[in-house]
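Letter by letter, the chains look like this.
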Amino acid sequence: MRTLFLLGVVALILLALPSLVVFGADLAGYGTEINAWLEKGFGVSHRVALGLPAAVALFCIPPLIILLYFLRLKRKPIAVASTFLWKKSVEDLHVNRLMQWLRRNVLLLLQLLTVLAFLYAALGPRTHGAVTGGRHYILMVDNSASMSATDVKPTRLDWAKEEAIRVIDASTDADPGMVIVFNSTAEIRQSYTTNREELKAAIRAIQPTQFPTRIDEALALAASLSNPNRSTQNEAAAPANPEPGKERTYFSADGIQAEVYLLSDGRFPSVSDFALANLSIRYPEMPTSAVAMTSDNLAIVGFEVERDPDDARKITAQATVYNYRDRTQDVKLVLDVLERNEKVVGTYGKTITVAGKVPRQPDPEDLPADKRAPDSKPGEGRAEFAIPDVGENSDVVMRLSIDHGNSPDSLRLDDQAWAVLGVSRKAKVLVVTPGNKILRNYFETESAKKIAEFTYLKPSDLADPKDYLTPARDGKYDLVIFDRCGPPGPDELPSGNTLFLGHPVPPYSNKPGDPLAVTFVQNPSVRGTQSRHALLKNLRGLDEIRIADAFRFPKPPEGATRPSRLIEGDRELELLVALRRGAFTDLVLTFPLVSENADGPDQIWHSDWPTFPSFVLFLRNVLMQLGNVRGSESEESLRPGAVQTLRLGTAKEVFVRKPGQDIGTKFERGNRPDVAFSGTDTLGVYTAEWADQSRRFAVNLFDTEESNLAPQRQFKIGDTTIIAGEARKQPLELWKYAIVFGLAVVLLEWWIYNRRVQI
């Protein structure tokens with residue numbers, strides 16, 4: 001029996017050696033190499049499930065158990081002669097002899113076997129089956145607005161992240177993986193790596209957004225690393241029998257075969273002009289997609305406010321609600337009127353009945369995406385609110401909400417909408433002219449006075465610092481109009497936009513002999529226009545106007561801004577040009593409208609353009625665009641991610657507060673005429689403040705695809721039909737069985753020990 005016991009101990013020690021070798025390799029930093037060897041040769045891998053101190057302590061337990069058994073003394077009470085007792089006591093002081101502990105002891109074997117099972121469990125062994133090392137895979141995670149829906153608990157995004165981690169766990173240490181996150185745009189959160197912990201960290205760090213869903217940019221990112229560039233050097237384009245002497249060298253297409261795991265609900269527009277090539281898409285099926293041909297959601301998809309044209313104090317608000325449920329729904333709407341987006345000064349309620357969406361029956365699995373029945377339209381309801389007595393120039397925000405009461409709704413982002421009533425601002429315009437009835441006739445109209453305040457000076461007043469130079473430099477005027485005159489040099493130009501009529505802008509001049517003097521051309525005609533430019537909006541028939549003479553700009557000096565042609569004449573002549581001056585625009589009409597005696601009875605015209613309707617529209621466009629005019633109509637609603645252009649006039653910086661923020665973020669204009677604010681990533685009302693002005697604008701979801709929560713089970717990318725299915729098969733985790741085996745051995749040891757005690 002002693003021999004069998006010895007063999008059992010030796011067998012257990014030999015069985016423990018692989019775990020000690022693997023753990024030692026992990027400590028030495030060769031864990032990845034060991035895993036690659038195990039996966040290639042045996043189809044298994046490991047990962048230490050404990051922290052380093054706990055793992056070291058666990059691997060020290062087997063030798064400690066053997067050491068304790070080696071040191072343990074066993075005495076039996078026996079009646080012997082005193083000299084014999086003394087002899088045995090002396091032998092005990094020698095501790096146990098080397099082979100004395102090798103007596104039969106079942107408990108020792110069971111304890112070693114138990115610890116051995118826990119050792120292998122701590123190493124986390126698992127089988128992979130047939131594994132091809134080096135397989136590239138891309139995790140494409142959708143974090144758009146619809147992924148915040150709660151019909152998959154806790155949210156769809158949480159399901160996508162868990163599914164991504166399952167894919168990472170199913171991969172091997174030889175498989176490079178990448179993480180791409182997409183909504184309306186896409187970004188690489190983790191480039192190709194075989195470190196699965198880095199991939200998991202990138203997945204766990206993904207946060208929900210309120211952007212709509214677009215997949216084309218994400219596909220382009222994936223394809224940029226997987227698909228070869230199309231080139232005439234591709235060997236696939238090589239002719240079969242090239243002519244002698246015209247042979248060319250062709251190269252094989254380089255690319256990486258990659259599996260793309262698309263973790264999304266599929267609510268994005270189709271991509272018809274994309275070739276997958278080296279990309280193979282797997283589209284795991286969302287848990288709700290098997291049953292949800294409709295979605296449990298009510299959504300506000302439109303909200304508009306406008307003032308009554310006859311009474312500006314009366315406001316009409318119109319709301320559009322979609323019902324994506326399969327049943328008729330009574331929808332309670334609540335409209336709050338907020339002063340300065342803070343204090344509620346009025347609340348209005350209305351209940352409308354909205355028909356349900358007719359559920360669409362599932363199509364056969366093998367039916368192509370382009371042959372499937374289209375989604376049925378959701379039920380649509382409209383509501384109109386009349387809000388009386390709102391100040392014509394008051395700072396008012398309208399907030400519309402769906403009151404669900406105690407009933408659930410899968411997506412709350414589309415249950416609110418905001419609208420901002422515009423606060424009007426007039427342009428401050430300085431007109432420097434010797435006299436021009438054409439300009440005065442328009443500037444004194446009621447329509448012009450509603451959008452601008454006019455101040456008039458004579459050309460002789462330009463030399464007076466009090467009248468012109470000081471207020472102009474201080475940015476008192478948004479727009480300065482120079483009629484057949486101008487400041488003597490660039491340093492006297494105002495801190496604002498300008499319009500020069502029949503006079504060059506400094507440093508150009510009309511003095512003969514000046515190096516930058518302009519030259520004159522007789523009887524030019526219009527040959528082309530930049531019709532899309534905001535200053536030429538809605539202008540028609542410009543080619544019919546007649547001009548007596550116009551000047552031509554000389555070649556600009558080194559480093560000077562080249563004029564931008566808005567209206568071009570024959571003989572390569574510029575008739576209307578725009579020049580950038582830092583943050584301002586200098587607009588130059590190269591011909592005058594009238595002669596010097598414009599105020600006299602015998603007024604001489606240099607052009608018949610003032611007789612055309614397009615001239616009045618041109619002056620209005622100039623006031624609106626260069627005068628920074630803002631009307632009292634409601635601000636246009638933006639979608640998440642859209643760019644809001646803020647025209648600051650003479651201000652150099654603006655502070656923008658997002659919804660829920662108390663302190664705004666500063667943005668500097670620099671040399672630009674305006675600030676393009678692109679941080680519209682949150683639904684709600686934004687506040688922009690600069691100098692003595694402020695402006696609010698609203699960001700709303702208003703996306704019927706995001707609000708339609710029925711997951712797409714099938715769609716097309718290019719010519720490929722993608723069908724929802726299972727994710728990659730998960731590996732078999734063996735450590736769980738090791739734990740169960742270890743617990744069973746513990747129970748066996750407890751049973752044997754109790755039997756010994758009872759016997």
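Refer to the structure above for everything that follows.
Not measured: the values here are computed from a predicted model.

A. Spatial organisation of the sheet that holds strand β29 (residues 684-690). Strands sit in the order β27-β26-β29-β30 across an open sheet of four strands; the sheet is antiparallel. In this open sheet, the two strands that pair with only one neighbour each are β27 (665-668) and β30 (693-699). Strand-to-strand twist in this sheet, taken as the mean axis angle between neighbours without regard to direction, amounts to 25°. Two elements, β29 and β30, share seven bridges in a ladder whose sense is antiparallel. Along β30, the bridge assignment pairs Ala688 with Arg695.

B. Structural context of the sheet that holds strand β20 (residues 526-529). Within the open sheet, the eight strands sit side by side as β16-β15-β17-β18-β24-β23-β22-β20. Their pairing is mixed. Both outer strands of the open sheet, β16 (452-457) and β20, are each paired with one neighbouring strand and no more. Direction aside, neighbouring strands of the sheet carry axes that sit 15° apart on average. Here strand β15 (residues 427-432) pairs with β16 via six bridges, running parallel. Bridged to Leu430 within β16 is Thr455. Running over the sheet, helix α13 (residues 613-626) touches β15, β16, β17 (479-483), β18 (497-501), β23 (573-581) and β24 (584-589) and is turned about 165° from β24.

C. Molecular detail of a nonpolar patch on the surface. On the surface, Val10, Leu14 and Leu17 cluster together to form a nonpolar patch covering roughly 250 Å² of accessible area. You can see Leu17 is positioned in helix α1 (residues 2-27).

D. Molecular detail of the side chain of Thr213. Relative to the elements of secondary structure, Thr213 occurs in the loop between α8 (196-204) and α9 (216-226). One polar contact links Thr213 to Ser144, side chain to side chain, over a distance of 2.6 Å. Engagement of the side chain of Thr213 in a polar contact is seen with the side chain of Glu706, the distance being 2.4 Å. For Thr213, the residues in contact, after removing those within four places along its chain, are Asp142, Ser144, Ser146, Phe182, Asn183, Arg267, Phe268, Pro269 and Glu706.

E. Representation of the pairing of strand β10 (residues 329-339) in the model. Burial analysis of β10 places eight of its 11 residues in the buried class, which makes it a mostly covered element. Sheet topology note: the β10/strand β13 (residues 396-403) ladder contains eight bridges and is antiparallel. Following the sheet pairing, Asp336 is matched in β13 by Arg399.

F. The nonpolar core, seen in detail. Formed by 44 residues in total, the largest nonpolar core has its most connected members in Val429, Leu587, Trp609 and Phe618. Counting residues per element, this core draws most heavily on α13, which supplies six residues. Among all residues touching Leu587, those that are not within four sequence positions of it are Thr498, Leu499, Phe500, Leu535, Leu566, Leu576, Val577, Ala578, Phe618, Val622 and Leu626. Counting residues in each nonpolar core, the second largest holds 26 residues, with Ala319, Val337, Ile387 and Val390 among its members.

Cut-offs and rules
Residues numbered from 1 in each chain as written. Predicted model: local features only at pLDDT ≥ 70, side-chain atom pairs only at ≥ 80, totals over all residues. Heavy atoms only, no water. Pairing = 2+ DSSP bridges. Helix = DSSP H or I, 4+ residues; strand = E, 2+ residues; numbered from the N terminus. Axes fitted to C-alpha atoms, helices over the stretch in contact; angles between N-to-C directions. Contact = heavy atoms within 4.5 Å. Patch = residues over 30% accessible without salt bridge, like charges linked within 9 Å, V, L, I, M, F, W, Y side chains within 5 Å. Areas by Shrake-Rupley, 256 points an atom, 1.4 Å probe, with all protein chains shown as cover. Salt bridge = Lys/Arg side-chain N within 4 Å of Asp/Glu carboxyl O. Polar contact = N/O pair within 3.5 Å; in protein donor to acceptor, adjacent residues only side chain to side chain. Buried < 20%, exposed > 50% of the residue type's maximum accessible area, 1.4 Å probe, protein only. Core = buried A, V, L, I, M, F, W, Y, C linked by side-chain atoms within 4.5 Å.

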